[in-house]
Amino acid sequence: MEGVDDSAGTANQADLHDENKRYCWVCFATDEDDYTALWVQPCQCSGTTRWVHETCLQRWVDEKQKGNSLERVHCPQCNTQYIIVFPPIGKLILVLDIADRIIYRVCPFIAAGVVIGSIYWTAVTYGALTIMQAVGAKEGLALMEQSDPLFLLIGLPTVPVMLILGRLVRWEEALLGFLNKNIPRVPIVKHLLPTFQVASNCVRPHAQSTETPPFSDPVSATRVLCGALIFPTMAVLFGKLLFHPVRSNLQKTFFGGIAFLALKGVLKIYYKQQILIRQHQRRVLDFAKQLTDVKGRKNTSSNP
């Protein structure tokens, strides 16, 4: 029994020695690895994880704060906030530190204001150029000089906004869907527009449903923006080419814009209709039969 008691006492002393032994939870070193290292117990953890080298903890705090000395750091085990103190600094350094914090917080708002202001004045400039394009350079300048400045500051930026909103209207797809649904039912019109009759006759014979593929393309922000901003120029060009006898520049631009939209819409409807017919006529070939046909063609070509 005495031997058992001695072994139990020795085990308890070994456990107590291991519990009192310090392990750094960052680098996993002990007192035996470096006798000169400074140790700190910064949180409420117990056991071996409560100890850490001060230098290791400083590096770990730097990684967590990422240059922001005001960032709070917590223990990853017990979630206790570390108490971090700094030595006193002079008044000049204190003023510079406060100024640096203010600049750090204010700069995002200043940058956002610069970006918004740049977009606003770009929209104002584009609106003024669009008016000068539509009614003529001299007439446009005279019109803007006679207008109220506040009205110009509010109205001119709305020109590109309205162009972009108008570009988002997908009237070609709506018209194409209407034509595909109604033209095949009209005997006279279906002979005048045979492609719509072809699309209605190209439905797969054994399909469970006759749903057609979607007409609309995914909305592209860059395409919408470029199309909206280039529209006034195209309207002016079409007006000068097709409506040269018209004296009024505004009417000429208006009719040119309608002609451009009509031509673009007709071409897009025709293109979409051909793609729709191609989709309806799509087939999936039998692999074995196709492989046999390929082998037959190879044998024919090798045996003239």
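Rules and cut-offs
- Residues numbered from 1 in each chain as written.
- Predicted model: local features only at pLDDT ≥ 70, side-chain atom pairs only at ≥ 80, totals over all residues.
- Heavy atoms only, no water.
- UniProt positions renumbered as here; feature names shortened; annotations may be inferred.
- Helix = DSSP H or I, 4+ residues; strand = E, 2+ residues; numbered from the N terminus.
- Buried < 20%, exposed > 50% of the residue type's maximum accessible area, 1.4 Å probe, protein only.
- Areas by Shrake-Rupley, 256 points an atom, 1.4 Å probe, with all protein chains shown as cover.
- Core = buried A, V, L, I, M, F, W, Y, C linked by side-chain atoms within 4.5 Å.
- 1 Å grid on protein atoms, 1.4 Å probe; cavity = no way out; pocket = protein on both sides within 12 Å on 5 of 7 lines; lining within 4 Å.
- Points joined across faces, edges and corners; volume = space filled by probe spheres on them.
- Nonpolar A, V, L, I, M, F, W, Y, C, P; charged D, E, K, R; others polar.
- Salt bridge = Lys/Arg side-chain N within 4 Å of Asp/Glu carboxyl O.
- Axes fitted to C-alpha atoms, helices over the stretch in contact; angles between N-to-C directions.
- Parallel < 35°, antiparallel > 145°, perpendicular 65-115°, else oblique.
- Left-handed = near helix turned anticlockwise from the far one by under 90°.
- Contact = heavy atoms within 4.5 Å.

- The name that an unreviewed UniProt entry assigns to the protein chain is E3 ubiquitin-protein ligase MARCHF5, with the source organism given as Daphnia magna.
- UniProt lists a comment for the protein chain under the heading Subcellular location (unreviewed entry), and it reads "Membrane".

Observations regarding the overall build of the protein chain
And step 1. Summing up its helical and strand segments, the protein chain has twelve helices and two strands in all.
And step 2. Counting from the amino terminus, helix and strand elements in the protein chain follow one another as α-β-β-α-α-α-α-α-α-α-α-α-α-α.
And step 3. Among the 304 residues that make up the protein chain, the fraction classed as buried is 23%.
And step 4. Looking at the protein chain as shown, the accessible area adds up to about 22,800 Å², and 64% of this sits on carbon and sulfur atoms.

Looking at the nonpolar core
And step 1. Core analysis: the biggest nonpolar cluster contains 14 residues, and Trp25, Val52, Leu57, Trp60, Val61 and Tyr82 have the highest contact counts within it.
And step 2. Here this core gets four residues from one element, more than from any other, and that element is helix α2 (residues 54-65).
And step 3. Counting residues in hydrophobic clusters, the runner-up holds five residues, among them Ala128, Met144, Leu152 and Leu156.

Some words on the layout of surface pockets
And step 1. Considering only enclosed or pocket space, the largest pocket measures out at about 550 Å³ in volume.
And step 2. Contributions of two or more residues to the lining of the largest pocket are made by α6 (158-167), α7 (171-182), α10 (221-242) and α11 (249-280).
And step 3. The leading source of residues in the lining of the largest pocket is α10, at seven residues.
And step 4. Partitioned by chemical class, the residues of the lining of the largest pocket number 14 nonpolar, three polar and eight charged.

Re the pattern of salt bridges
And step 1. Following the criterion strictly, the structure yields four salt bridges and no others.
And step 2. Salt-bridge contacts for Glu173 lead to Arg170; the nearest nitrogen and oxygen are separated by 3.6 Å.
And step 3. According to the relative accessible area criterion, Glu173 is buried, its value standing at 6%.
And step 4. The residue Lys264 makes a salt bridge to Glu172 at a minimum N-O spacing of 3.3 Å. Of this pair, Lys264 sits in helix α11 while Glu172 sits in helix α7, and the two are 92 residues apart along the sequence.
And step 5. By relative accessible area, which is 6% here, Glu172 ends up buried.
And step 6. Three or more residues are tied together by salt bridges with common partners; here these are Arg170, Glu173 and Lys268.

Overview of the environment of Glu139
And step 1. Mapped onto the secondary structure, Glu139 falls in helix α4 (residues 137-146).
And step 2. You can call Glu139 partly exposed: its relative accessible area is 45%.
And step 3. Put simply, Glu139 and Asn249 are 110 residues apart on the chain and 9.3 Å apart in space, counted from C-alpha to C-alpha.

Examining the packing of helix α3 (residues 91-135) against α4
And step 1. Where α3 contacts α4, the axes come no closer than 6 Å and their chain directions differ by 130 degrees. Our classification of the angle between α3 and α4 gives oblique. Seen from above, α3 lies across α4 with right-handed handedness. Of the residues in α4, those touching α3 at Ala128, Ile131, Met132 and Val135 are Ala137, Glu139, Gly140, Leu141, Leu143 and Met144.
And step 2. A class-by-class count of the residues in the contact of α3 with α4 yields eight nonpolar, one polar and one charged.

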